[in-house]
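# Observations on the three-dimensional arrangement
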Amino acid sequence: MREQLSHQFAGELRAFFVVSLLNVVFSALVMAFGIQFIVSSVVALAEGEISLVFPAIRILLGGAGAMVGLRWLLASVHIFSGIKQLRDEYSSLEDPASDETLTGLIIRMISYYRENRETIQTMIIAGIFCGFCVLILGIISSLEFFSSSFSSGTFTIDIHRVLPSAIPAYFIAVVSLFSAAFFQKFSKVWDLRQQEIEQA
């Protein structure tokens, strides 16, 4: 029973650590992508690009993504530092860990979650928002290199110009939405455990 509990706790701690680290990395990437889209759109406008629609949308979405990405980054770093400390303490335990030591770490994990629940909720919302912002920016980047001829009924896309900007955007969007879904699942599990403890 103790061994099973230890493995379960270690698995949750490891998953939480990895996803927290991914949040730090990808929130920084989202912020960088937002700034990059702003800069490239301002340059395009300065050079007298005919269509103002795409650059204007990119500037708005890029600015929103950069600001929310910064908020997401700060929240992620805070959560990551606390989880890393718990993980390091668990890794330094002698095998097998005593019931008291393991129970103490689990209680600290629950307490850490309770204290940082609002921060984790912020990470969930920011991850979803940034994921959709970057996804839309990736679609807009793809459309800029898409052309069609209604007279001949042909569609062409400059794949060499699309791939460098669109593929990373789609990847970041998927990871952002995945991490938000993981934290949502994690949050539900620990909310339930917290309720069970309060009832007990």
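Provided above is the structure to which this section pertains.
Quick caveat: nothing in here was measured; it's all calculated off a predicted structure.

Here is what the cut-offs are and how they apply
- Residues numbered from 1 in each chain as written.
- Predicted model: local features only at pLDDT ≥ 70, side-chain atom pairs only at ≥ 80, totals over all residues.
- Heavy atoms only, no water.
- Phe/Tyr/Trp six-rings, centres within 6.5 Å; stacked < 30°, edge-to-face > 60°.
- Helix = DSSP H or I, 4+ residues; strand = E, 2+ residues; numbered from the N terminus.
- Buried < 20%, exposed > 50% of the residue type's maximum accessible area, 1.4 Å probe, protein only.

Quick look at the packing of aromatic side chains now. According to the stated counting rule, one finds 7 aromatic pairs in the structure shown. When the ring of Phe17 is compared with that of Phe80, the centres are 5.2 Å apart and the planes differ by 35 degrees; the resulting orientation is tilted. Here Phe17, found in helix H1 (residues 2-46), pairs with Phe80, found in helix H2 (residues 53-91); they are 63 residues apart in sequence, far enough to count as distant. For Phe17, a relative accessible area of 12% translates into the label buried. When the ring of Tyr113 is compared with that of Phe186, the centres are 5.9 Å apart and the planes differ by 75 degrees; the resulting orientation is edge-to-face. One end of the pair, Tyr113, is in helix H3 (residues 99-115); the other, Phe186, is in helix H5 (residues 159-199), with 73 residues separating them in the sequence. Given the relative accessible area of 1%, Tyr113 is considered buried. Using a relative accessible area of 7% as the deciding quantity, one classes Phe186 as buried. An aromatic cluster is defined as three or more aromatic residues linked by ring pairs; in this entry it consists of Phe16, Tyr113, Phe182, Phe183 and Phe186.

Note that every value here comes from positions in space, so none of it alone points to a role or purpose.
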